[in-house]
Amino acid sequence: MKISDKILAFFDGHKRDLPWRNNPTPYKTLVSEIMLQQTRVDTVIPYFNRFMKELPTISSLAKADDELLYKLWQGLGYYNRAKNLKKAAIIIMEKHGGIIPNTISELESLPGIGPYTAGAIGAIAFQINTVAIDGNVLRVFSRYFGITDDIRLESTKNVIKSRLEGIYPANRLNDFTEALMEIGAIVCLPNGKPLCDTCPLSNACFAYSNKMIDVIPLKSKLVHRRKELKTVLFIKKEDRVLILKRPRTGILSNLWELPNIEGHLSKEEVLLWLSQNGLPASRVLSGINFVHIFTHIEWNMKSYVVQIDQIPFHMENDFIEITEIEKKYSVPTAFLPFFNQFK
DNA sequence: AATACGGGGCA
DNA sequence: TGCCCAGTATT
């Protein structure tokens, strides 16, 4: 039995029931693949279902209100994906007549779509004979071929790509592409924990036969995570809280945040900051402290709850009812504990 | 070639 | 704690 047949047979017998696999369309493939970038399937599922309900077509996505778009993405992370997805939808409407393009080069020219996603959409939605190399595929085939180089290196990905091209079947490119990733996701697990007993590749797997599953793949360490101190202010007047829109670029771009200041401030320093910013406070109380960890930054946040007597007239539109914030404003996870402390 | 970019789940 | 995740854009 050819290796590709074994892989396809495994997929037929073990594939998970995922929402984007029900009555698949290129649009479902596009949205799911963007959401799945660096994000687990289980995390994506509820986001995908909500997204498809609110924005069921390319055209609705292209016209979507930005606040709705970011709200649908709240908590999913890598928020530029949402921005780029809408940009891509607009380009598809304007330059491709509303039809998702069916060539790798056209797909890859869209914002937010790189080599992996173009390959995945090309193969899954359009049966293009192309390789889609994600983290799963790198792990499965570095083990299978016995490739001991650092899988973060572009050169290693190219080696795996060319080796992989040699085992592609003539048809069912869509199922085969998903099958490779499915094996990585449910059998060939990371951290030396693969379930080789149930793996369709084990009898020809280099790492398995050489007892090297715990050393392959080799992956270099990430750079050090820097620490930042912040003081977060929960400034409220009855049911309304002051929130600010973050810049269009950088971390958590376009999302809404609580006012925050670099460093850990004392109550007196907070009072000074408030008066300098035209916010005379009636009371400043210590709030909760919280640590939020990003991939490359750690925010150590100290908070204060500030009650003010009167909202300055020029800030009238910046104080939003909490229930309204929950419904319509996209607030990054890092700030949610400060809202939840009152529940 | 290296870094910025989220958040959660699991040893 | 550290690793990993259906990666891409920017520098």
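What you see is a predicted model, and the numbers here were worked out from it, not measured in a lab.

**A closer look at the pattern of salt bridges**
Counted according to the given criterion, the structure contains 14 salt bridges. A salt bridge links Glu178 to Arg21; the nearest nitrogen and oxygen atoms lie 2.7 Å apart. With Glu178 in helix α11 (residues 173–186) and Arg21 in the loop between α1 (3–14) and α2 (26–35), the pair connects residues that are 157 residues apart, well separated along the chain. A relative accessible area of 14% means that Glu178 is categorised as buried. Residue classification places Arg21 among the buried positions, given a relative accessible area of 16%. Within the structure, one salt-bridge network assembled from shared partners comprises Arg16, Arg21, Glu178 and Glu182.

**A short note on the domain arrangement of chain A**
For chain A, the assigned domains read domain 1 (3–209) and domain 2 (226–340). Each of domain 1 and domain 2 has a C-alpha centre, and these two points are 37 Å apart. Counting from both sides, the interface comprises nine residues of domain 1 and, opposite them, 17 residues of domain 2. When the two sides are added together, the surface that domain 1 and domain 2 hide from each other amounts to roughly 930 Å², 42% of it contributed by carbon and sulfur.

Parameters and conventions
- Residues numbered from 1 in each chain as written.
- Chains lettered and ligands numbered in written order.
- Predicted model: local features only at pLDDT ≥ 70, side-chain atom pairs only at ≥ 80, totals over all residues.
- Heavy atoms only, no water.
- Salt bridge = Lys/Arg side-chain N within 4 Å of Asp/Glu carboxyl O.
- Helix = DSSP H or I, 4+ residues; strand = E, 2+ residues; numbered from the N terminus.
- Buried < 20%, exposed > 50% of the residue type's maximum accessible area, 1.4 Å probe, protein only.
- Domains from an automatic or database assignment.
- Contact = heavy atoms within 4.5 Å.
- Buried area = accessible area lost by both parts, 1.4 Å probe.

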